[in-house]
Amino acid sequence: MKKVLILFSLLLTSCATLKSPETYGVRGQPSEMEQSTTPSKAKESDVPSRIATPEAYYHYILANLYELENDIPRAYHEYKSALILDSKSTTLLYELANFAVRERDLDSAGEYIQSLLEIEPDNLEAIVLLAEIYVNQNKIGPAIDAYQKAIIIKPDFQETYFEIASLYMKQKKYPEAENTISRLIALKPKSPLGYYYMGRLFFEEKKSKEAVSQFKESLKQDPNYEPSWMGIGMVYEAEGDSKKAISNYRKYLEVAGSNHREPRYRIIQILMQERALPEARKELEDLLKLEPNDLEANFRLSVLFSEQKEYSKSIQLLKVVIERRGNDPRLLDYLGSLYEASNDNEKAIEAYQKVIDADKTYSDGYIHLASVYLKEKNIQASLNVLEKAQKANPQKKDIYYSAEGWVYLQADRLDESLEAFGQAIKISPNSPAFHYNLGQAFDKKNQFEEMEKEMKKAIELEPDFANALNYLGYSYADKNIKIKEAHDLINRALKVHPNDGFIIDSLAWVYYREGEFNKAIEELTRAMKFVPDDPTIHEHLGEVYLKKVQKQQAKEEFLRSIEIDPSNQKLIDRFKEAGLGDPQSEERIQKALKKLETQQTPSTNKTNQADSHNSKI
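The rules behind these values
Residue numbers here run from 1 along each chain, matching the order of that chain's written sequence. Where local features are concerned, this predicted model is filtered to residues with pLDDT of at least 70; where side-chain atom pairs are given and counted, the filter is 80 or more; whole-chain, interface and lining totals use all residues. Heavy atoms throughout the structure, all of them, feed into the side-chain values; hydrogens and water do not. Between 30 and 60 degrees the pair is tilted, below 30 it is stacked and above 60 it is edge-to-face, where a pair is any two Phe, Tyr or Trp rings, Trp via its six-membered ring, whose centres lie within 6.5 Å. Strands are runs of DSSP state E lasting at least 2 residues, helices are runs of H or I lasting at least 4, and numbering of each runs from the N terminus. Relative accessibility thresholds used throughout: buried, under 20% of the residue-type maximum; exposed, over 50%; partly exposed, between the two (1.4 Å probe, protein chains only). Our definition puts a charge over a ring when NZ of Lys or CZ of Arg is within 6 Å of the ring centre and also within 35 degrees of the ring normal. Axis definition: a line fitted to C-alpha atoms, limited for helices to the stretch in contact. Angles are taken between N-to-C directions and run from 0 to 180 degrees. Any angle that is under 35 degrees is reported as roughly parallel, and any over 145 degrees as roughly antiparallel; angles of 65 to 115 degrees are reported as roughly perpendicular and all others as oblique. By the definition used in this description, the sense in which the near helix is turned from the far one sets the handedness, with an anticlockwise turn below a right angle giving left-handed and a clockwise turn giving right-handed. Residues count as neighbours in contact if any of their non-hydrogen atoms are within 4.5 Å of one another. Amino acid classes used here: Ala, Val, Leu, Ile, Met, Phe, Trp, Tyr, Cys and Pro are nonpolar; Asp, Glu, Lys and Arg are charged; the rest, including Gly, are polar. The term salt bridge refers to a side-chain nitrogen of Lys or Arg lying within 4 Å of a carboxyl oxygen of Asp or Glu. Expected span of a helix, by definition, is 1.5 Å for each gap between consecutive residues, and there is one gap fewer than residues.

J.: Can you help me understand the packing of aromatic side chains in this one?
T.: The geometry of an aromatic ring pair comes down to the distance between the two centres and the angle between the two planes. Evaluation of the coordinates by the stated rule reveals 16 aromatic pairs. Measuring from ring centre to ring centre gives 6.4 Å for F448 and Y476, while their planes differ by 50°; the resulting arrangement is tilted. Here the residue F448 occupies a position in helix α26 (residues 448–461), and Y476 occupies one in helix α27 (residues 466–479), the gap between them amounting to 28 residues. A relative accessible area of 0% places Y476 in the buried class. Taken together, the ring pairs connect Y57, Y60, Y76, Y79 and F99 into an aromatic cluster. One Lys or Arg, K154, reaches over the ring of F157 and ends 5.5 Å from the middle of that ring. The ring centre of Y265 lies 4.1 Å from the NZ or CZ of R300, which sits over that ring.

See below:
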């Protein structure tokens, strides 16, 4: 603080010589909005528009300095002290209102702005800020009224029209929203902005044809208006027409130049979603020829290499990004996951430790580090990491309890697992993820009714929780009970994740239970396109073929499952009981068993996905 005090003493000396209120500006010159706004009709001698006394200005400057030091409580205190000395300063009232908004003290913010507006009823900045405060308080009607007043003061204030339209959209008052944007278009018919906003409005209403029409009208006013080009592309993407979307983005690149990154990124994203990885790779490489130092492109290419399981190339590129960006914990965390994927746990541990060193509050770093130790069967090391995490970041104890529960679950310490998940739920009783985890622990302890109860609770809290929907649906199918309900649950999960191979496998298993063997084979074959090496899917396909008395196909699928997961002794016994054994098959089984010691046991289709609410653990 020594430097601050020296600077402050100089400011105070100069401040004492100032006489005119107009010299006390708000951190420099008036804003563009201030310059373009008609001031209040109140006389300047009665209502100062800045800060009227050196004493008040003293506290105002000190507040600024404390803000620079990020000492928020002291800064807030000094602003208030300044206002006590100059209660009619609109500058101080506006500053305090802004400050209160940042601190989420919306009631105080509203009071400051109302006081300001009593002095200057037509202060445009204050009216807009009041509208924003109302929006944050979910007071939609008053917010609209405030924005309408802003339009009266400044009719060409374009952004305000869209704010009003957005609020009408929240209330499902679509005609009022359209009417508001129409007023903007009538006011500025040559501006692309109004047509663009109307396009966005129609897009939200799912009126695709009308949205595209408005975006195109916007482009008639300005052929280079990027938001409208992107809007058209997003409409086509939402409709699932990737060809039209890509064609649109390419047309824009022809108009605006190939160095525009956003449309190129959208093309790349679509190609990656369509699993057209070679084409996506070419796009990225072409982009990097134009801009070799584009970190975003380098990162995306790293992700693409990872998708293609070229982990060494992915790691190499990511290291370049990290070197230029610094030790960003998110990038280091991703680096750790790449080392994990390439089975280099030692380097993964090193990367995750760097995550923690870079940011001791970054919870994923601890959880992922614990996950690697868990993979290595070092249960105590995993628990030690989570204990350190609780000390470093106690406000996230619920997450660490849940992670601890998962470690105990994998170690078959089921009572301790139930206790840890229970502790997490005590802290956050409405977390669907924690109920989902607890349900898995009950399942492993063969307490089916308790598992069912927890999964239903998770779904109640989050109706689109695909993992829980799939888990419960598959559990019913596995036990051959409540098949109709199982079908419904799994279909709901597929609506959320239509290309999830494990959920598709669950649907196939429902078809199997229903005796729809051809449909089961069709779905299992589709599942393998997304998850080619899952032992459960191959085992299920083997069972279906066995039912259809296609023994050769059944034999091959069972053997493939055993080769992926040689620890599945039940399947080995089942294979022999079904009379599928022969010397060649036995040789393949024995070869797989020799690799068992160095293999990790894959998870079943119920627990395949990392919990999206937490992390790998």
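J.: Can you walk me through the packing of helix α5 (residues 90–102) against helix α7 (residues 124–136) in this structure?
T.: For any two helices packed against each other, the geometry comes down to the angle between their axes and how far apart the axes lie. Closest axis-to-axis distance for the α5/α7 pair is 11 Å, and the angle between their directions is 20°. Classified by the angle their axes make, α5 and α7 are roughly parallel. Remark: the crossing between α5 and α7 carries left-handed chirality. Residues Y94, A97, N98 and V101 of α5 touch α7, and the partners they reach there are E125, A126, L129 and I133. Per-class residue counts for the contact of α5 with α7 are 6 nonpolar, 1 polar and 1 charged.

J.: It is not clear to me how unusual backbone geometry should be interpreted in this structure. Could you clarify?
T.: The general pattern is negative phi for most residues beyond glycine and trans for most peptide bonds. Residue N138 is not a glycine yet carries a positive backbone phi of 60°. Assignment of secondary structure puts N138 in the loop between α7 and α8 (140–153). What makes N138 exposed here is its relative accessible area of 58%.

J.: Where do I start with the environment of R104 in this structure?
T.: Here R104 is to be found in the loop between α5 and α6 (106–119). Residues R104 and N136 lie 32 residues apart in sequence; the distance between their C-alpha atoms is 9.2 Å.

J.: Help me understand the pattern of salt bridges in this model?
T.: Pairing between side chains becomes possible if they bear opposite charge and their charged atoms approach one another. In the structure shown here, the tally under the stated rule is 34 salt bridges. D415 is paired through a salt bridge with K445; the nearest N and O atoms lie 2.4 Å apart. Of this pair, D415 sits in helix α24 (residues 414–427) while K445 sits in the loop between α25 (432–444) and α26, and the two are 30 residues apart along the sequence. Between K456 and E452 there is a salt bridge whose closest N-O contact spans 3.8 Å.

J.: Sorry if this is basic, but what is going on with helix α30 (residues 517–530) here?
T.: Each α-helix turn comprises 3.6 residues. Residues three or four places apart therefore point the same way. In this model, α30 (14 residues) spans 20 Å end to end at C-alpha, consistent with the 20 Å of a helix rising 1.5 Å per residue. Here α30 has its buried residues at A520, I521, E523, L524, A527 and M528. The inward-facing, buried residues of α30 contact α29 (501–513), α31 (535–547) and α32 (551–564).

Keep in mind these numbers describe shape, not what the thing actually does.
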